[in-house]
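Chain residues, written in single-letter form:
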Amino acid sequence: MLTSTKSILEKAYRQNYAVGHFNINNMEILQGIVQAAENLRSPIILATSEGALEYAGINFLYNLALTASELSKVPIALHLDHGKDMENIRKCIQLGYSSVMIDASHEEFEKNIKLTKQVVQLAHRKGISVEAELGTIGGKEDLVHSRGIIYTNPAKAQEFVERTGCDFLAIAIGTSHGAYKFSGSAKLKIELLKQIKAKTKIPLVLHGASGVPQSIVNLAQKYGAKLSGVKGVPDSQIKLAVKNGINKINTDTDLRIAFDAGVRKAVKEHPEDFDPRHILFPARALIQQVVEQRIKVFGSAGKV
Ligand code: G3H
Ligand code: 13P
Ligand code: ZN
């Protein structure tokens, strides 16, 4: 059975660690993530973006996650990432997702509140929790994009949480989606995080948090990837964010680079081998390796 995201995150909130949200698009990505969580006895949040639903189909992804949760000893939640389309949000609630995100952060404050409240009503009726977003996270990826960062205002965050009744809040403190996060040195606004934490009493979420680890980038590049200028959030900054109140950390880009590196390596080293299992096996193993590394940084290892 899938585990409630709220119960996973409330424990993290009480004990001051973060749980990884990892985006899934197919079975191998999911298996790599779940194997890492099992190896380290960590709870995990699997997430599907609207792009993932479009690519693989909601029933396939839901049932993959459900199967993983039935076979696994660690708590596994399934979450809708960046829900913007009410129809998608409704479908996830009906199907039995553990939580949904309503991302109306691009709207002005009152409209964001109105849309978030609608989703909270729908979801809470079914016992499903809701993540909302205030401020905007930079970057651009497929269906999720935003022009720049508008940092979250702490007083507005307090008002937003009180008026919407959302369960978790995604905040903007300097991260952005994708592989090109910073042109200069990477720095999150930890003072701002502390102020938001002091004014809200719910788990806070960090999007755009991939580390873009150099070893995986080097591996992908060795086999032909073009990744010049990529930069992620250093582990030291993630640790500071967790220490100061972040309880859910979203990662997708690191999985994409790991998958890419694995496929490139297999194809390049064995051009005569066209068995998809041999091509995807190293990709799955690299995803597992990257997720294990993240779980250790987040502090959720051994929490099961
Ligand atoms: O936050 C965005 C996630 O990386 C999902 O990206 O919409 O391209 O699947 P996607
Ligand atoms: P990254 O692009 O940093 O992996 O962020 C993913 C994310 O925020 C998914 O919601
Ligand atoms: Zn995001």
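Residues numbered from 1 in each chain as written. Chains lettered and ligands numbered in written order. Predicted model: local features only at pLDDT ≥ 70, side-chain atom pairs only at ≥ 80, totals over all residues. Heavy atoms only, no water.

Strand β2 (residues 44-48) sits mainly inside the fold: 5 of its 5 residues count as buried. Residues of β2 alternate between two faces, with Ile-44, Leu-46 and Thr-48 on one and Ile-45 and Ala-47 on the opposite face, all of them buried. In terms of strand pairing, strand β1 (residues 19-23) meets β2 through 3 bridges, oriented parallel. Each bridged residue has a counterpart across the sheet, and for Phe-22 the counterpart in β2 is Leu-46. Both β2 and strand β3 (residues 76-83) contribute to a ladder of 5 bridges, which runs parallel. Bridging across to β3, Leu-46 finds its partner in Leu-78. (Buried < 20%, exposed > 50% of the residue type's maximum accessible area, 1.4 Å probe, protein only. Helix = DSSP H or I, 4+ residues; strand = E, 2+ residues; numbered from the N terminus. Pairing = 2+ DSSP bridges.)

Here we come to the coordination of the zinc ion (ligand 3). Looking at the metal site, the zinc ion (ligand 3) is ligated by His-82 (NE2), His-177 (NE2) and His-207 (ND1), spaced 2.0 to 2.1 Å from it. Counting gaps between the donor residues of the zinc ion (ligand 3) yields the pattern H-x94-H-x29-H. Pair noted here: His-82 is in strand β3 and His-177 is in the loop between β8 (168-171) and α8 (190-199), with a separation of 95 residues, a long-range link. The pair formed by His-82 and His-177 is uniform in burial state, with each residue classed as buried. (Donors = N, O, S within 2.8 Å, 3.2 Å for Na, K, Ca; no water.)

Right, let's talk about the packing of helix α2 (residues 27-39) against helix α12 (residues 276-298) for a bit. Running from amino to carboxyl end, α2 crosses α12 at an angle of 40 degrees, the nearest separation of the two axes being 8 Å. Put simply, α2 runs oblique to α12. In this structure, α2 crosses over α12, and the sense of that crossing is right-handed. Here α2 contributes Glu-28, Ile-29, Gln-31, Gly-32, Ile-33, Gln-35, Ala-36, Ala-37 and Asn-39 to the contact with α12, which in turn contributes Leu-280, Arg-284, Ile-287, Gln-288, Val-291, Glu-292 and Ile-295. (Axes fitted to C-alpha atoms, helices over the stretch in contact; angles between N-to-C directions. Parallel < 35°, antiparallel > 145°, perpendicular 65-115°, else oblique. Left-handed = near helix turned anticlockwise from the far one by under 90°. Contact = heavy atoms within 4.5 Å.)

In this section: unusual backbone geometry. Backbone geometry follows two general trends: most residues other than glycine have a negative phi, and most peptide bonds adopt the trans configuration. In this structure, Asn-16 is a non-glycine residue whose phi angle is positive, near 65 degrees. Mapped onto the elements of the fold, Asn-16 is located in the loop between α1 (5-15) and β1. The phi dihedral of Val-212 falls on the positive side, at around 45 degrees, and the residue is not glycine. Note that Val-212 resides in the loop between β9 (204-206) and α9 (214-222).

All right, on to the site of ligand 2 then. In the region of ligand 2, 16 residues are neighbours, and Asp-81, Lys-181, Ser-210, Asp-252 and Thr-253 sit closest. Within the side chain of Lys-181, one N or O atom sits 2.5 Å away from an oxygen atom of ligand 2. Within the side chain of Asn-250, one N or O atom sits 3.1 Å away from an oxygen atom of ligand 2. Calculation on ligand 2 without its partners gives an accessible area of 300 Å², and the protein chains cover 98% of this total. The residue makeup of the shell around ligand 2, split by class, is 1 nonpolar, 11 polar and 4 charged. (Near = heavy atom within 4 Å. Polar contact = N/O pair within 3.5 Å; in protein donor to acceptor, adjacent residues only side chain to side chain. Areas by Shrake-Rupley, 256 points an atom, 1.4 Å probe, with all protein chains shown as cover. Nonpolar A, V, L, I, M, F, W, Y, C, P; charged D, E, K, R; others polar.)

Before going further, it helps to spend a moment on the pattern of salt bridges. Inspection of every chain in the model, using the stated rule, returns 14 salt bridges. Asp-103 serves as the salt-bridge partner of Lys-84, at 3.9 Å between the closest nitrogen and oxygen. On the criterion of sequence distance, the pair formed by Lys-84 in the loop between β3 and α5 (86-95) and Asp-103 in the loop between β4 (99-102) and α6 (109-125) is long-range, its members being 19 residues apart. Overall, the relative accessible area of 35% leaves Lys-84 in the partly exposed class. Among the residues examined, Asp-103 registers a relative accessible area of 4% and is labelled buried. The residue Glu-131 makes a salt bridge to Lys-248 at a minimum N-O spacing of 2.7 Å. Remark: Lys-248 occurs in strand β10 (residues 246-251) and Glu-131 occurs in strand β5 (residues 129-134); sequence separation between them is 117 residues. (Salt bridge = Lys/Arg side-chain N within 4 Å of Asp/Glu carboxyl O.)

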